[in-house]
Amino acid sequence: MAAPSPGPREVLAPSPEAGRRVATSSSSRGGLLWRLRDKQPRLGLFEIGPGHELHRLTCMMQAGLWAATQVSIDYPLLGPPTEEDFSEVMTQVQEGFELGTLAGPAFAWLRHSLGLAEKDYQASLGPGRPYLQFLGTSKSKASFFLSHDQRFFLKTQRHKEVRALLAHLPRYMQHLRRHPHSLLARLLGVHSLRVARGKKKYFIIMQSVFYPASHISERYDIKGCEVSRWVDPAPEGSPVILVLKDLNFQGKTIYLGPQRSWLLRQMELDTAFLRELNVLDYSLLVAFHCLHKDERGPGSSLVLRTARSVQGVQSQDEPGAQNRRLLPEAPNALHILDGPEQRYFLGLVDLATVYGLRKRLEYLWKTLRYPGRTFSTVSPGRYARRLYQWVEAHTE
């Protein structure tokens, strides 16, 4: 597929009045009733209701995304995206702010190829119920949000990271076409938000790897190294939601049985692709969900799933064999693998850090600062190889 042209195509689109009306109703919705309805433990995950410092900002995001998605509903793409579609920038002006949609037609096509209905996407991200703020252990200065149903993950990004994502977008979409079961996180949109005459802020939207989250017991962010890769766990029985790191994973194993060979091959393909893009510092997200007895007992669907899985991995040399992996009958199946007793959520995220001069200098400094220890800033080839080896060592 052709790379995007250097100059963006600017499109100005009026915002539907309906978007504003829904935004107003969302501001008046009482946060207390929603909290009472939601019985999931939420320390570390906070509802952004009225009174929250980010409430006004997220209401703007919701109204803007509702209007932006309405454009793709009203004017659906009739064929694969063109070079112009990858470089399009649509700006919608609303009262007090403007929202930019970057490469909107290309992302609309990608969402369509994933079987994601635009109306569902709009309902999850638009006004109606407040976003959730996730306060985790990341050292990044980015802000992290989830849609109210936790299906979509929003993250603020620096402009240079956005430029890298958009430059790689055609190749990223091509990789997903070749490997529809790829572990790469599904990037669904890139946007900018400017309040009044302030500075533009950029954010991305992804399909959440940790969805559905209701039965997840443990979450990990893995980079395959040791420096700064420990998080103090929450006390036993605590409702605090933490994403742990590499050193917390010591002594644990991902038991996949016949699907292990599929996972290793897909990790090899995905990390090789990221190496070609010259990126590093991405993470493998891993979560555990214990399967119920009726899901893993004799005669259960697990027997059929295992049989199908064995058939799907008998010969990796056959054309298309890697794309015949078992998909559980569950929401977000692309990021789920079932083992004998556990369901695992797996996905590669944070794909925008390029190995440029700054990272090369950081590598030299960390080599002196942490002699004999492994750290995240290494060459893309070494990073890819090390993360693959981590998966190889921690799966059976």
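The following refers to the structure shown. (Residues numbered from 1 in each chain as written. Predicted model: local features only at pLDDT ≥ 70, side-chain atom pairs only at ≥ 80, totals over all residues. Heavy atoms only, no water.)

1. Digging into the pattern of salt bridges
Argument step 1. Scanning the entire structure with this criterion turns up 13 salt bridges.
Argument step 2. Note that Asp-221 is salt-bridged to Arg-229, the shortest N-O span being 2.8 Å.
Argument step 3. Overall, the relative accessible area of 16% leaves Asp-221 in the buried class.
Argument step 4. Across the salt bridge formed by Arg-229 and Asp-246, the nearest N and O atoms sit 2.7 Å from each other. With a gap of 17 residues between them, Arg-229 in the loop between strand 10 (218-222) and strand 11 (244-245) and Asp-246 in the loop between strand 11 and helix 8 (260-276) connect regions that are remote in the sequence. As far as the burial class goes, Arg-229 and Asp-246 line up, both buried.
Argument step 5. Each of Asp-221, Arg-229 and Asp-246 takes part in one network of salt bridges that share partners. (Salt bridge = Lys/Arg side-chain N within 4 Å of Asp/Glu carboxyl O. Buried < 20%, exposed > 50% of the residue type's maximum accessible area, 1.4 Å probe, protein only. Helix = DSSP H or I, 4+ residues; strand = E, 2+ residues; numbered from the N terminus.)

2. As for unusual backbone geometry
Argument step 1. Omega for the bond connecting Tyr-211 with Pro-212 falls within 30 degrees of zero, at -5°, which places this linkage in the cis form.
Argument step 2. For Pro-212, the location among the structural elements is in the loop between strand 9 (201-207) and strand 10.
Argument step 3. Phi at Gln-150 is positive, roughly 65°, even though this residue is not glycine.
Argument step 4. For Gln-150, the position within the fold is in the loop between strand 6 (144-146) and strand 7 (152-157).
Argument step 5. Look at Asn-278: it is not a glycine, yet its phi comes out positive at around 65°.

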